[in-house]
Amino acid sequence: MQEIQPLNIQNYLSFNEINTLLEGVEFIIMAAPSMMNPPAHPIHFTIILNTSEPLPEEIKPMIFEKFCHDYKITATSHLLSNLERIAFGKTTQDTPMPKHIVDDAEAHTIPWKLLYIIDFLGDSEGFQEAKDGLSGWSYSYN
């Protein structure tokens, strides 16, 4: 069995680098193994929309349903839909890794941008790697 090595963040993008990175980005989707024990839903999804504006309440469910439909995500739970602090770390991967900054102390030490996220647990046959213990992200451009 191959040993999986965690990604090491070399450094974080500056605020100006974050703005440049996000030019032309529509959204970023992240998938990781669920940390719930036992996981009722095996995949932790985070969808980061490239907007710092709050979404109107009446369209939030429609956006969530569209993502679930497009990515064949089923049986969702633990939904968080809000503006949140997102940093971007440089790793050995081609694109910077988004990082949801929850800790206030950490938010004072690295640059971040307030972006709209949809964070939830779910299942999908299209994300087998996350079920196998790997995490990943993909940028979608306009």
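Coordinates for the structure precede this section.
Just so we're clear, the structure is a prediction, and the values are computed from it rather than from any experiment.

Draft legend 1. Highlighting the pattern of salt bridges. Counted by the stated rule, this structure contains 7 salt bridges. Across the pair K60 and E57 runs a salt bridge, and its minimum N-O distance is 2.8 Å. Judged by its relative accessible area of 57%, E57 falls in the exposed class.

Draft legend 2. Inspection of the nonpolar core at higher detail. In terms of nonpolar packing, the biggest core is built from 17 residues, with F45, I47, L49, I118 and F120 touching the most fellow members. Broken down by secondary-structure element, the contributors of at least two residues to this core are β2 (25-33), β3 (43-49), α2 (60-70) and β6 (113-123). Counting 15 residues, the second-largest nonpolar core is a separate cluster that includes I28, I48, M97 and I117.

Draft legend 3. Inspection of unusual backbone geometry at higher detail. You will see that A75, though not glycine, has its phi angle at about 50°, which is positive. Within the secondary structure layout, A75 lies in strand β4 (residues 74-90). A positive phi angle is found at H78, which is not glycine, with a value near 55°. Inspection of the secondary structure assignment puts H78 in strand β4.

Conventions we followed
- Throughout, a residue's number is its position along its own chain's written sequence, starting from 1.
- Selection of residues for local features in this predicted model requires a pLDDT of at least 70, selection of side-chain atom pairs for listing and counting requires 80 or more, and totals for whole chains, interfaces and linings are taken over all residues.
- Side-chain numbers come from the whole structure's heavy atoms, not from hydrogens or water.
- Here a salt bridge means any side-chain nitrogen of Lys or Arg lying within 4 Å of a carboxyl oxygen belonging to Asp or Glu.
- A simple rule labels every residue: compare its accessible area, found with a 1.4 Å probe on the protein chains alone, to the largest value its type can have, and call it buried under 20%, exposed over 50%, or partly exposed in between.
- Among the buried residues, those of types Ala, Val, Leu, Ile, Met, Phe, Trp, Tyr and Cys that are joined through side-chain atoms within 4.5 Å form a nonpolar core.
- Each helix is a run of H or I in the DSSP string that is no shorter than four residues. Each strand is a run of E no shorter than two, and both are numbered from the N terminus.

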